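So the chains spell out like this:
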Amino acid sequence: MQSDAVADPSRYAYYELGDIRLVRGEGVRVWDSEGREYLDCISGTFNLLLGHGHPAVTAAVRDQLDELVFAGSAFQTDATNRVMELLVQLSPPNLTRVNLRSSGGSTANEGAVKIAQLITGRRDVIVPFRGQVGQTLAMAGYNGLARMREPFPHRFPGAVHVPEPYCHRCFYRQSPRDCGLLCVDRIEDFLTCASSGSVAAMIIEPVSGVGGNVVPPEGYLARLREFCDERGILLIFDEMQTAFGRTGHLFAADCFGVAPHMMTVSKGLTGIGLPLAAILTEERLTGMERSLHGFTFGGHNLSAAAAVATLEIVRQPEFLAGVRATGAVLLERLRELRAGHPCVGDVRGVGLMLGVEFEDADGGRSPALANACNRALLARGVITRVSEHGRGNVIELRPPLVLTEEDAHLVADRFADAVAAL
Ligand SMILES: Cc1ncc(COP(=O)(O)O)c(C=O)c1O
């Protein structure tokens, strides 16, 4: 069904609109109002894990639409019960409880912080530089980019920002070969000198997404977990971008072999882009009553039906193996670009969560080149995104996990063509 096109939508929208009007999507492809086809290498907004309109998931949603669209939080439904059961069964064994009452990532992260503060009786939250944990006023205060905090003078206090494990441009000018994970040890100084002295939790994206697809070095997350355990700090993995197969493993926790004390998930949970989020916690962290953290559309029954269908697909070992294989092909092809193009710097990633750095002649970051390449890719029918909301120097690729090897080559061919045209 197609509604009439609005003549000048920019007259009504509060924010600036993009030029392209999308009208249809299927799998990894979308089409605009002019009939142009694009490969959607950012999966909507990193949330369409199974692409546009996966048949098994849309069928589940249609069935649910006929049965029961919504139920208030005082009631159970079969779909929400099953989502909670699956999340507990599939996540690391220490995570035994699910709070399903948020509909987005920012509010799930806020819920995790509330739990941490309630249980520990402490206050501050550690967040890595360039970390992106959400857009509500509280999460805006926590984001690890000053640009995202600056416009809001009354933001929520208590964030302690620490250097992220960004080996390619290490804050401490070390090499991962022999640094001894100095960036974890030095967090101690931030606790001593830059916190209120009362630290409840640390929230970290296991692979920093918006911050530039930063993959931590071997052993980093395990050492971080020890560091937090030693100090009674709760470690929260924000797995908005990394969960449900994105890394080639069900969770980044599995990919890196480290279980957090809490995990927050949203984005890909429903496979095809319906809103739903969850906070997973250890048994000992229960106690925050329902009324203290719940949102009207949290635990939405339609989304829950989509999530059940999605989890049944992404949990399959052959599905995850496919993500690892396709991701390896695309990573290798993108890495080949470094040979003939000095502007292509570090190319990194896990599974189908990939990033390509752009550098100037001195090896410094080049947001200008990254944005030029992003535009050149769009002109060639490939949708990507630039890190730090367009201000970074990394092109982010997160195609739907149903990307075929053939399409991975097509993306790489067009990427090579775009870089050559810079
Ligand atoms: C890592 C991460 N955490 C949290 C959020 C916030 O999620 P939401 O936009 O659903 O509130 C995002 C959104 O982009 C994200 O990428």
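All of these numbers come straight from a predicted model, not from anything done at the bench.

Honestly, the side chain of Asn301 in this entry has me stumped. Any pointers?
Mapped onto the secondary structure, Asn301 falls in helix 11 (residues 301–314). Classification of Asn301 as buried rests on a relative accessible area of 2%. A polar contact of 2.6 Å, which involves the side chain of Asn301, links it to the side chain of Thr77. Setting aside its immediate chain neighbours within four residues, Asn301 contacts Gln64, Leu68, Val69, Phe70, Thr77, Ala79 and Thr80.

What is the right way to look at the sheet that holds strand 13 (residues 382–383) in this model?
Backbone hydrogen bonds hold the strands of a sheet together, and the pairing may be parallel or antiparallel. Taken in spatial order, the 4 strands make up an open sheet running 1-2-3-13, and their pairing is mixed. Pairing within the sheet leaves two strands with one partner each, and these edge strands are strand 1 (22–26) and strand 13. For strand 2 (residues 29–32) and strand 3 (residues 37–40), the ladder comprises 3 bridges, and the chain directions are antiparallel. Looking across to strand 3, one finds that Trp31 is bridged to Glu37. Strands strand 2, strand 3 and strand 13 of the sheet are contacted by helix 14 (residues 405–420), whose axis makes an angle of about 105° with strand 3.

How should I be thinking about the pattern of salt bridges in this particular structure?
Side chains bearing opposite charge may pair, as long as their charged atoms lie close to each other. For the structure on display, the rule yields 24 salt bridges. For Arg82, the salt bridge is made with Glu312, and the minimal N-O distance between the two is 2.8 Å. Of this pair, Arg82 sits in helix 3 (residues 78–90) while Glu312 sits in helix 11, and the two are 230 residues apart along the sequence. A network of salt bridges, in which partner residues are shared, links Arg169, Asp346, Arg348, Glu357 and Glu359.

Can you help me understand a nonpolar patch on the surface in this one?
A contiguous nonpolar surface patch, about 360 Å² in accessible area, is contributed by Leu65, Val69, Phe70 and Phe297. When you line up the elements, Phe70 lands in the loop between helix 2 (55–67) and helix 3.

Honestly, the domain arrangement of the protein in this entry has me stumped. Any pointers?
It is common to report an interface's size as the accessible area lost on association of the parts. For the protein, the assigned domains read domain 1 (18–47 + 317–420) and domain 2 (57–314). One C-alpha centre belongs to domain 1, the other to domain 2; they are set 25 Å apart. Listed as interface residues are 32 residues of domain 1 and, on the opposing side, 33 residues of domain 2. Together domain 1 and domain 2 conceal approximately 2,700 Å² of surface at their shared face, both sides included; 52% is due to carbon and sulfur atoms. Per-residue buried area on domain 1 facing domain 2 is highest for Asn47, Met353 and His389; these three make up 24% of the total on that side. Summed over the shared surface of domain 1 and domain 2, the result is 3 salt bridges. Between Glu359 and Arg169 there is a salt bridge, with the nearest N and O atoms lying 3.3 Å from each other. Across the domain 1-domain 2 interface, the total number found is 18 residue pairs in polar contact (both at pLDDT 80 or more). Contributions of two or more residues to the side of domain 1 that touches domain 2 are made by helix 1 (43–46), helix 12 (317–340), strand 11 (344–350), strand 12 (353–358) and strand 15 (394–397). Tallied by class, the residues present in the side of domain 1 that touches domain 2 amount to 11 nonpolar, 11 polar and 10 charged.

Teacher, can you tell me more about the nonpolar core here?
Within the largest apolar cluster, 89 residues are counted, with the highest numbers of intra-cluster contacts made by Met202, Phe244, Phe358 and Phe415. Considering each element in turn, this core owes the most residues, 9 residues, to helix 11. When residues are assigned to domains, this core turns out to be shared by domain 1 (18–47 + 317–420) and domain 2 (57–314), each giving three or more. Discounting residues that sit within four places of it in the chain, Phe244 has contacts with Leu49, Leu87, His249, Leu250, Phe251, Val265, Ser266, Gly268, Leu269, Leu311, Val314 and Leu401. Counting residues in each nonpolar core, the second largest holds 22 residues, with Val113, Val125, Ala138 and Leu285 among its members.

Parameters and conventions
- Residues numbered from 1 in each chain as written.
- Predicted model: local features only at pLDDT ≥ 70, side-chain atom pairs only at ≥ 80, totals over all residues.
- Heavy atoms only, no water.
- Helix = DSSP H or I, 4+ residues; strand = E, 2+ residues; numbered from the N terminus.
- Buried < 20%, exposed > 50% of the residue type's maximum accessible area, 1.4 Å probe, protein only.
- Polar contact = N/O pair within 3.5 Å; in protein donor to acceptor, adjacent residues only side chain to side chain.
- Contact = heavy atoms within 4.5 Å.
- Pairing = 2+ DSSP bridges.
- Axes fitted to C-alpha atoms, helices over the stretch in contact; angles between N-to-C directions.
- Salt bridge = Lys/Arg side-chain N within 4 Å of Asp/Glu carboxyl O.
- Patch = residues over 30% accessible without salt bridge, like charges linked within 9 Å, V, L, I, M, F, W, Y side chains within 5 Å.
- Areas by Shrake-Rupley, 256 points an atom, 1.4 Å probe, with all protein chains shown as cover.
- Domains from an automatic or database assignment.
- Buried area = accessible area lost by both parts, 1.4 Å probe.
- Nonpolar A, V, L, I, M, F, W, Y, C, P; charged D, E, K, R; others polar.
- Core = buried A, V, L, I, M, F, W, Y, C linked by side-chain atoms within 4.5 Å.

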